[in-house]
Each structure stands twice: as C-alpha cells, then as structure tokens.
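Geometric and topological summary
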Amino acid sequence: AMSAARLPLIVSIVGLVGGTFVNQIQKTVDRRNQVKQERRELYRRFVVAHVACENSLLKNAETALDDIIKVEELLAEIAVTAPDAVVEASKGAIRNLALLGVSRQEDDWNSNGSEYSEAKSTAHQHFLEMVAAMRQDTFEDTVFDRKRLSDVVSLSLQSFGKMPF
C-alpha cells in the first residue's frame, strides 16, 4: 500500500513531467507557426517584387535592373527557406520573367504581336503556379489553385480595364 506521505511527491513529479511535455509540444507548434509566418512575409515581398520587375521590363523602365536584382535576392532567400514545390515554381516564374525581359529588348519586338502575347501568357501562367505553391505552403487548406487565382486576376484586370486611365 502506498503511504499518504508519498502521494504529494508522486503528484508533483507527474505534474512536472506532464508540464514539461506540454511545454515542449507548445514550443514546437509556436516555432512551426513562426517559420510559416516568416515564409508568408518572404512570399509577399517576392510576389510584389516580381510584379514590379515584370512591369518595369514591359515598360523598358530605368528601374528594370534594380528590380531584377531585388527579385534575384529574394529568390535566393526562397531557395534557402521554402519547400521544394515553391522553389521549383519560383524558378519557372523567374526563367520566364528573364525571357520576357530578353525578348523585350529585341529590336523587332512588337508589343501587339503574337510573340509578346505568348511570352506574357507563359510568364503569367508560371507566376500563378508560383503563387499557388506559396499559398499551399502557408495555407494548407487553401482552395486557390492556379485556375482560381487566374479567375481572381482576370476579374481584377477586367475591373481595372474599365477605369478611365
């Protein structure tokens, strides 16, 4: 039979072990959430830089080189911190961004022609794949795949197309 004197000691030990176990689980969950939040912020900065770079390339803006450098720096961060699916999708988006820039510099570039449309469409599809992969990484239950993102972007473009500028 267990003596009444040992009962408080056993309860204290069980409480200490249980508390330590729960604390470790909570630390793991907190760290996972912190890493996910850091990646979301990185993805946000990368997507904004990517859009700015694409716009400056398409307009032959003076800032194009600076924008390319910014995108490359953020891609290096993604290569180190993001899962494989995001890195792969980002590579495709960057490759097409570069091709868009190179094509834009060619003398026979026709911004109304099929080459422009094809380059822009390919770059856009890779961009949507990249954003979908980033959302999948940080929002496991997201329903926004490439198709749904394309619908959102198309709706936005249609709305802005009706603006008087």
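For the structure itself, look to the data block above.
First, a word on scope: everything that follows refers to the structure included in this document. (Residues numbered from 1 in each chain as written. Predicted model: local features only at pLDDT ≥ 70, side-chain atom pairs only at ≥ 80, totals over all residues. Heavy atoms only, no water.)

What follows deals with the overall build of the chain. Across its full length, the chain carries five helices and zero strands. Ordered by position in the sequence, the α and β elements of the chain form the string α-α-α-α-α. Counting the 165 residues in the chain, one finds 29% classified as buried. Contacts in the chain between residues at least 24 apart in sequence constitute 62% of all its contacts with a sequence separation of at least 6. For the chain, the accessible surface area stands at approximately 11200 Å², while carbon and sulfur atoms represent 59% of it. (Helix = DSSP H or I, 4+ residues; strand = E, 2+ residues; numbered from the N terminus. Buried < 20%, exposed > 50% of the residue type's maximum accessible area, 1.4 Å probe, protein only. Contact = heavy atoms within 4.5 Å. Areas by Shrake-Rupley, 256 points an atom, 1.4 Å probe, with all protein chains shown as cover.)

So, about helix α2 (residues 64-81). For α2, which comprises 18 residues, the first-to-last C-alpha distance of 26 Å matches the rise-based estimate of 26 Å (1.5 Å per residue) to within 8%. Within α2, burial applies to A64, D67, V71, L74, L75 and I78. All buried residues of α2 fall inside an arc of 110° around its axis, so they share one side. Residues of α2 that are exposed and angled more than 90 degrees away from the buried face: L65, D66 and V80. (Expected span 1.5 Å × (residues − 1). Arc of directions from axis to C-beta.)

What follows is about the nonpolar core. With 26 residues, the main nonpolar core has F46, V71, I78, V86, M130 and M134 as its most contacted residues. When contributions to this core are tallied by element, the ones reaching two or more residues are α1 (7-58), α2, α3 (84-105) and α4 (114-138). Element by element, the count of residues in this core is highest for α4, at seven residues. Those residues in contact with M134, other than ones at most four positions away along the chain, are Y43, F46, V47, I78, V86 and S90. (Core = buried A, V, L, I, M, F, W, Y, C linked by side-chain atoms within 4.5 Å.)

This brings us to the pattern of salt bridges. Pairing between side chains becomes possible if they bear opposite charge and their charged atoms approach one another. This structure, assessed with the given rule, holds four salt bridges. Here E41 makes a salt bridge to R44, at a shortest N to O gap of 2.4 Å. Remark: R44 and E41 occur in helix α1; sequence separation between them is three residues, near one turn of the helix. A salt bridge links E88 to K91; the nearest nitrogen and oxygen atoms lie 3.1 Å apart. Taken as a pair, E88 and K91 lie in helix α3 at a separation of three residues, close to a single helical turn. (Salt bridge = Lys/Arg side-chain N within 4 Å of Asp/Glu carboxyl O.)

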